[in-house]
Amino acid sequence: MAQLTFAPARPEEILLPVKSWFVVLTLAIGFLCNLLPLSGAALAVRPDFLALVLLYWCIREPRLISVGIAWCLGLLMDVADATVLGQHALAYAVLAYAAEYFRRRVLRFPLWQQAAQVAVLLVLCAGLVLLLRVVGGAPLPRWTYAVGPLTGALLWPAVTVVLQWPQRPPASPAEL
Amino acid sequence: MRHISVEPPPFFHRGPSPLVRLAFFALLSLALLFADTRYRYLENIRHVVATLIYPLQLVVQLPGQALSYVGSYFYSQKTLSDDNADLKQRLLTEGPAVQGYSALEQENARLRALLAVEQRFHAAAIAAEVMYSGRDPFTQKLFVDKGEAAGVIPGQAVIDEVGVVGQVTRVFPYMSEVTLVTDKDHAVPVRVERSGVRSVMYGAGTGRLPELRFLSPNAEIQPGDRLVTSGIDGTYPAGLAVAQVASVERETGQMFARVTCMPLAGVERSSLVLILGRAAVLAPRPEEPADSDAPRKGRGKRKAG
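Computed from a predicted structure; not experimentally measured.

1. A closer look at the overall build of chain A
Part 1 of the reasoning: When you go through chain A residue by residue, the secondary structure sums to seven helices and zero strands.
Part 2 of the reasoning: Along chain A, from the amino end to the carboxyl end, the secondary structure elements read α-α-α-α-α-α-α.
Part 3 of the reasoning: By the compact-globule yardstick of 16 Å for 176 residues, chain A fits well, its C-alpha radius of gyration being 17 Å.
Part 4 of the reasoning: Its C-alpha atoms give chain A principal-axis dimensions of about 65 × 30 × 30 Å.

Here it is, written out as structure tokens:
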């Protein structure tokens, strides 16, 4: 049974078309996860859940989710985190563009190698935010700032499997 | 074989290319960043959006609250059984110790401390609970559960039972943002309690201790001195404990001593804070004579970073 295994779709599996309400729902859940009132070490190593979900949909469904929507979500995140307006917006827009640019390449690799490439994208975004804030006069954050993107990349295989799950085709009788 | 055009036919047109869209949104973000850091034009937008997502903020508090509720349930179970054992013990030994007494005593002392402070500064003060600490790794902020609806206004001082925590910087309808004294460039006018030397304590950002700048190397200050607010800024009432001097470096080559301080209040730990009412309105600044040659003082008003 394909549905019961916790593994990504095999390349030969043809995924069902995605439902747009599912995309919206997962983005909302990502946003809520980012709002969780964490503190201390959990806050420091917390990945940006919304960025992860956004990246997934930008890679899988570039015709649904692209730079514009990413930018709007970034603005929402700026208000929610009380950061400088435009900081997350720019980072997410760049992330969406990079995803659109690299998507065909990323999808050719197995999940763990995809995670490595996702790590590069997320670190790039974090670096961009760091640059913007430091130019704007903020002090350097702690070194744990670099941990968040890496945790995000580690979560990538899980995110892929979960978000892909409703699109998996039912097992055909021929396979049984 | 027919040649297939690479360009999609016009009815599949998908708008401007991704790069053009990226450039557009990047410019828009940079404009926003500039407007927000330099001029703070966008507070209204922020206010509206923050109000809209406030219910979501409440929703995400629920798992934590549920956990602590369940925890307290089990805690009560535990206390009950402990009490039971204790009573049995007392029957045997007449021992006075009651489980949970010290926790209650501690809580009582904290409430008394808050009450005393409230009596000392009898302008209306608002007790508030910390909802969550700021998620921006570049700043030091707290979010508390009292806002416009409770009468909080920006600029009010925030303290806990030990000393100054920070200052209210943004107010939303049901919550407000408190910038901590450790935030970069957040300044608190202080006085050394022992010697009366006045100075200003500047926060230094995440993971670094606040410091006193522009103190001459022979200033009467030593590690262990307590710093209290001097009250000359009109924001913080005088006499609130702020920090303890951690180290003093006096180098002969330097113009100023390098003094770092350790904040006294549980700046990143306290869960219950008190938002103090504004102190009495300060007398207006006297008119400066037009031909005054007196040295101009620095800007009187303090500014949060």
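2. Side note on the overall build of chain B
Part 1 of the reasoning: Broken down by element type, chain B carries three helices and 12 strands.
Part 2 of the reasoning: Taken over 305 residues, chain B has a buried fraction of 29%.
Part 3 of the reasoning: At a minimum sequence separation of 6, the contacts of chain B that also span at least 24 residues come to 58%.

3. Some remarks on the interface of chain B and chain A
How big an interface is tends to be stated in terms of accessible area lost as the parts join.
Part 1 of the reasoning: Counting from both sides, the interface comprises 37 residues of chain B and, opposite them, 34 residues of chain A.
Part 2 of the reasoning: Of all elements in the fold, only helix H1 (18–39), helix H2 (43–93) and strand E1 (126–133) of chain B reach the threshold of two or more residues within the side of chain B that touches chain A.
Part 3 of the reasoning: When residues of the side of chain B that touches chain A are assigned to their parent elements, the largest contribution, 11 residues, is made by H1 of chain B.

4. Comments concerning unusual backbone geometry
Glycine aside, residues mostly have negative phi angles, and peptide bonds mostly take the trans form.
Part 1 of the reasoning: Even without glycine at this site, alanine 82 of chain A takes up a positive phi of about 55 degrees.
Part 2 of the reasoning: Of note, alanine 82 of chain A is situated in the loop between helix H4 (67–81) and helix H5 (87–107).
Part 3 of the reasoning: You will see that phenylalanine 214 of chain B, though not glycine, has its phi angle at about 60 degrees, which is positive.
Part 4 of the reasoning: Tracing the backbone shows phenylalanine 214 of chain B in strand E8 (residues 211–215).

5. Some words on helix H1 (residues 20–35) of chain A
Part 1 of the reasoning: With 16 residues, H1 of chain A ought to run about 22 Å at 1.5 Å a step, and its terminal C-alpha atoms sit 23 Å apart, in line with that.
Part 2 of the reasoning: Taken as a whole, H1 of chain A has its buried residues at Val23, Thr26, Leu27, Gly30, Phe31, Asn34 and Leu35 of chain A.

6. Quick word on the sheet that holds strand E2 (residues 141–144) of chain B
Residues and elements named next belong to chain B.
Part 1 of the reasoning: The antiparallel closed barrel is built from six strands, whose spatial order is E1-E2-E5-E4-E3-E12. Going across the sheet, the axis of each strand differs from the next one's by a mean of 45 degrees, ignoring polarity.
Part 2 of the reasoning: Across four bridges, E1 lies against strand E12 (residues 272–275) in antiparallel orientation. Bridge assignment links glutamate 129 to a residue of E12, and that residue is leucine 272.

7. Section: the nonpolar core
Part 1 of the reasoning: The biggest cluster of nonpolar side chains holds 97 residues, and the ones touching the most others in it are Leu54, Leu55, Ala70, Tyr92, Ala93 and Leu95 of chain A.
Part 2 of the reasoning: Of all the elements, H5 of chain A adds the most residues to this core, at 12 residues.

8. What about the confidence of the model for chain B?
Residues and elements named next belong to chain B.
Part 1 of the reasoning: Mean pLDDT for chain B: 80, with 80% of residues reaching 70 or above.
Part 2 of the reasoning: In this model residues 95–99 is a low-confidence stretch, pLDDT under 50, and it forms seven contacts with partners more than four residues away in sequence or in other chains.
Part 3 of the reasoning: Low pLDDT, under 50, characterises residues 294–305; the stretch is placed with 15 contacts to residues that sit more than four places away or in other chains.

9. A short note on the packing of H5 of chain A against helix H6 (residues 111–135) of chain A
Residues and elements named next belong to chain A.
Part 1 of the reasoning: One can describe the packing of H5 onto H6 by two numbers: an axis separation of 10 Å at closest approach and a directional angle of 155 degrees. Taken together, the axis directions place H5 and H6 in an arrangement best described as roughly antiparallel. Here H5 runs over H6; the crossing is right-handed. Taking contact as the criterion, the partners of Gln87, Leu90, Ala91, Val94, Leu95, Ala98, Phe102 and Val106 in H5 are, on H6, Gln114, Gln117, Leu121, Cys125, Leu128, Val129, Leu132 and Arg133.

10. Quick look at the confidence of the model for chain A
Part 1 of the reasoning: In this model, chain A carries a mean pLDDT of 86, and residues with pLDDT of at least 70 account for 91%.
Part 2 of the reasoning: Averaged over each element, pLDDT in chain A is lowest for helix H2 (residues 41–45) of chain A (83) and highest for helix H3 (residues 49–60) of chain A (94).

11. Describing the pairing of strand E11 (residues 257–263) of chain B
Residue and element names in this part refer to chain B.
Part 1 of the reasoning: Taken together, the three bridges between E8 and E11 define a ladder with antiparallel strand orientation. In the strand pairing of E11, leucine 212 is matched with valine 259.
Part 2 of the reasoning: Inspection of the sheet shows strand E10 (residues 241–249) paired to E11 by six bridges, in the antiparallel sense. Opposite alanine 243, over in E11, you have proline 263 as the bridge partner.

12. Details of the packing of H3 of chain A against H4 of chain A
Residues and elements named next belong to chain A.
Part 1 of the reasoning: Direction vectors running N to C along H3 and H4 enclose 175 degrees, while the axes themselves pass 11 Å from each other. Our classification of the angle between H3 and H4 gives roughly antiparallel. Contact with H3, carried on its side by Leu50, Leu54 and Cys58, involves Ala70, Leu73 and Met77 of H4 and no other residues of that element.
Part 2 of the reasoning: Looking at side-chain class alone, the contact of H3 with H4 contains six nonpolar, no polar and no charged residues.

13. Digging into the environment of proline 37 of chain A
Part 1 of the reasoning: Inspection of the secondary structure assignment puts proline 37 of chain A in the loop between H1 and H2.
Part 2 of the reasoning: Discounting chain neighbours no more than four positions away, the residues touching proline 37 of chain A are Val60, Gln61, Gly64, Met131 and Tyr132 of chain B.

14. Observations regarding the sheet that holds strand E9 (residues 226–229) of chain B
Part 1 of the reasoning: Here we have six strands rolled up into a closed barrel, ordered E6-E7-E8-E11-E10-E9 (chain B), and antiparallel in their pairing. Taken over all neighbouring pairs, the strand axes of this sheet differ in orientation by 40 degrees on average, direction set aside.

15. A closer look at the environment of valine 135 of chain A
Part 1 of the reasoning: Mapped onto the elements, valine 135 of chain A comes out in helix H6.
Part 2 of the reasoning: Residues valine 135 of chain A and glycine 86 of chain A lie 49 residues apart in sequence; the distance between their C-alpha atoms is 14 Å.

16. Observations regarding the environment of alanine 204 of chain B
Part 1 of the reasoning: With respect to the helices and strands, the residue alanine 204 of chain B is situated in the loop between strand E7 (198–202) and E8.
Part 2 of the reasoning: For alanine 204 of chain B, a count of 19 C-beta atoms within 10 Å translates into the label partly exposed.
Part 3 of the reasoning: When the C-alpha positions of alanine 204 of chain B and isoleucine 45 of chain B are compared, they lie 29 Å apart, and in sequence the two are 159 residues distant.
Part 4 of the reasoning: Apart from the residues lying within four places of it in its own chain, the contact partners of alanine 204 of chain B are Pro139 of chain A together with Lys184, Leu209, Pro210 and Glu211 of chain B.

What counts and how
Residues numbered from 1 in each chain as written. Chains lettered and ligands numbered in written order. Predicted model: local features only at pLDDT ≥ 70, side-chain atom pairs only at ≥ 80, totals over all residues. Helix = DSSP H or I, 4+ residues; strand = E, 2+ residues; numbered from the N terminus. Rg over C-alpha atoms; globule rule 2.2 N^0.38 Å. Buried ≥ 20, exposed ≤ 12 C-beta atoms within 10 Å, placed from the backbone. Contact = placed C-beta atoms within 7 Å. Expected span 1.5 Å × (residues − 1). Pairing = 2+ DSSP bridges. Axes fitted to C-alpha atoms, helices over the stretch in contact; angles between N-to-C directions. Core = buried A, V, L, I, M, F, W, Y, C linked by C-beta atoms within 7 Å. pLDDT = per-residue confidence, 0-100. Parallel < 35°, antiparallel > 145°, perpendicular 65-115°, else oblique. Left-handed = near helix turned anticlockwise from the far one by under 90°. Nonpolar A, V, L, I, M, F, W, Y, C, P; charged D, E, K, R; others polar.

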